[in-house]
Amino acid sequence: MTHDDRVLVDYRTADDAGVYRLDEDRALVQTVDFFTPIVDDPFVYGQIAAANALSDVYAMGGRPLTALAIAGFPKELDHAVLSSIFAGGLDMLRRAGVALLGGHTVQDQEIKFGYAVTGEVDPRRVLSNAGAQAGDHLLLTKALGTGVIATALKFGRANDAAVAAAVRSMTTLNRDAAEAMRDLPAGAVHACTDITGFGLLGHASELAAASGRSIALDAASVPFLEGARELVRGNIPGGGKTNRTHFGARIEIDPAVPEDVVDLLFDPQTSGGLLISVAADAMDRTRRALESAGVQARAVGRVVESGPTLIRVR
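Parameters and conventions
- Residues numbered from 1 in each chain as written.
- Predicted model: local features only at pLDDT ≥ 70, side-chain atom pairs only at ≥ 80, totals over all residues.
- Heavy atoms only, no water.
- Pairing = 2+ DSSP bridges.
- Helix = DSSP H or I, 4+ residues; strand = E, 2+ residues; numbered from the N terminus.
- Axes fitted to C-alpha atoms, helices over the stretch in contact; angles between N-to-C directions.
- Contact = heavy atoms within 4.5 Å.
- Phe/Tyr/Trp six-rings, centres within 6.5 Å; stacked < 30°, edge-to-face > 60°.
- Buried < 20%, exposed > 50% of the residue type's maximum accessible area, 1.4 Å probe, protein only.
- 1 Å grid on protein atoms, 1.4 Å probe; cavity = no way out; pocket = protein on both sides within 12 Å on 5 of 7 lines; lining within 4 Å.
- Points joined across faces, edges and corners; volume = space filled by probe spheres on them.

Topic: the sheet that holds strand 4 (residues 63-73)
- If you trace the six strands from one edge of the open sheet to the other, you get 1-2-3-6-4-5, paired in mixed fashion. The open sheet has two edge strands, strand 1 (7-9) and strand 5 (99-107), and neither has a second partner. Taken pair by pair, the neighbouring strands of this sheet meet at an average axis angle of 20 degrees, ignoring direction.
- Bridge analysis of strand 1 against strand 2 (residues 18-21) gives two bridges, and the strand direction is antiparallel. Considered in strand 2, the bridge of V9 is made with V19.
- Against the sheet, helix 1 (residues 42-59) makes contact with strand 3 (27-35), strand 4 and strand 6 (112-121), and its axis sits at roughly 30 degrees relative to strand 6, the strand it touches most.
- Across the sheet, helix 2 (residues 79-96) lies against strand 4, strand 5 and strand 6, angled at about 20 degrees from strand 6, the strand it touches most.

A few points about the sheet that holds strand 11 (residues 274-278)
- Reading across from one edge, 8-11-7-12-9-13-10 is the order of the seven strands in this open sheet, with mixed pairing throughout. Because the sheet does not close on itself, it has two edges, and the strands there are strand 8 (189-194) and strand 10 (251-253). The sheet shows a mean angle of 20 degrees between the axes of neighbouring strands, direction not considered.
- Most of the contacts of helix 1 go to strand 8, to which it runs at about 165 degrees, and overall it touches strand 8 and strand 11.

Some words on the packing of aromatic side chains
- Under the counting rule described, the total for this entry stands at five aromatic pairs.
- Centre to centre, the rings of F113 and Y115 are 5.2 Å apart; their planes meet at 75 degrees, and the pair counts as edge-to-face.
- Residue class for Y115 comes out buried when judged on its relative accessible area of 1%.
- In this structure an aromatic cluster arises from ring pairing among F35, Y45, F86, F113 and Y115.

Some details on the layout of surface pockets
- A volume near 560 Å³ is recorded for the largest pocket.
- Around the largest pocket sit 24 residues that line it, and T36, P37, I38, A150 and T270 are the ones nearest its centre.
- Those elements giving two or more residues to the lining of the largest pocket turn out to be strand 3 and helix 3 (146-154).
- The dominant element in the lining of the largest pocket, judged by the number of residues it contributes, is helix 3, at six residues.

Geometry only, nothing functional implied.
Here is the structure:
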């Protein structure tokens, strides 16, 4: 456990990135993320890996500045495939205005790719899991279902429309949402997290626990990617099952919620959206700011006082 008072956010709140204060006006945001391929196109895989890694900085209210690539690949891998992966990642970094400084590669039997990212944030405007307050509204900026669709794609069971919807979502940066939040008055947004491997219910559980609150989630308001509900049966990824096992004990789910919806609420996401905890009196202004930035955020629930469960799904 660190005892450095310049550390503003670390692993103890299960946040997306760490924050280290440099002075009164500047703090560093640091994160690392990498994973195995989830689509067939190596260029698109590189794009998704970059967008996913950058998302952690956006979720903290920060602006990413630099990146270091991390890659593992088998010795016999076609060099053209590796070059395409790196090219896709670089394309996304350039879109985000992030400088690639270098990286590190190792031989591995399975392809892995991602980035360590450094960004900056105003230390007075850091967004973490721990700031949600009772009465806050919860906004979700992307639809769910990338885990189910990627699993279906792996086994040749996903149609083109579903795959295209998932790729569009995963290659969309959370930059516009983050910039819209930074332009709001201080105190409008109390907490934020991005929805990745633990799924919506897992990451919402971490936000509730870190904030000492509970969450009331409206399942009917949660958006899903095209084709995701149709593909749930037979395509639940291992991570979805693990998420339900790990987080389920502190989540109360109304029996009326359809089982396929419950599965998607636990579905592990790649380069998912932001879950934003917004003060009630700033809700309209926040929604307008996000809409002006081209972000279609959906209200999916409320933060309530702490109860016997972290999340109640109705």
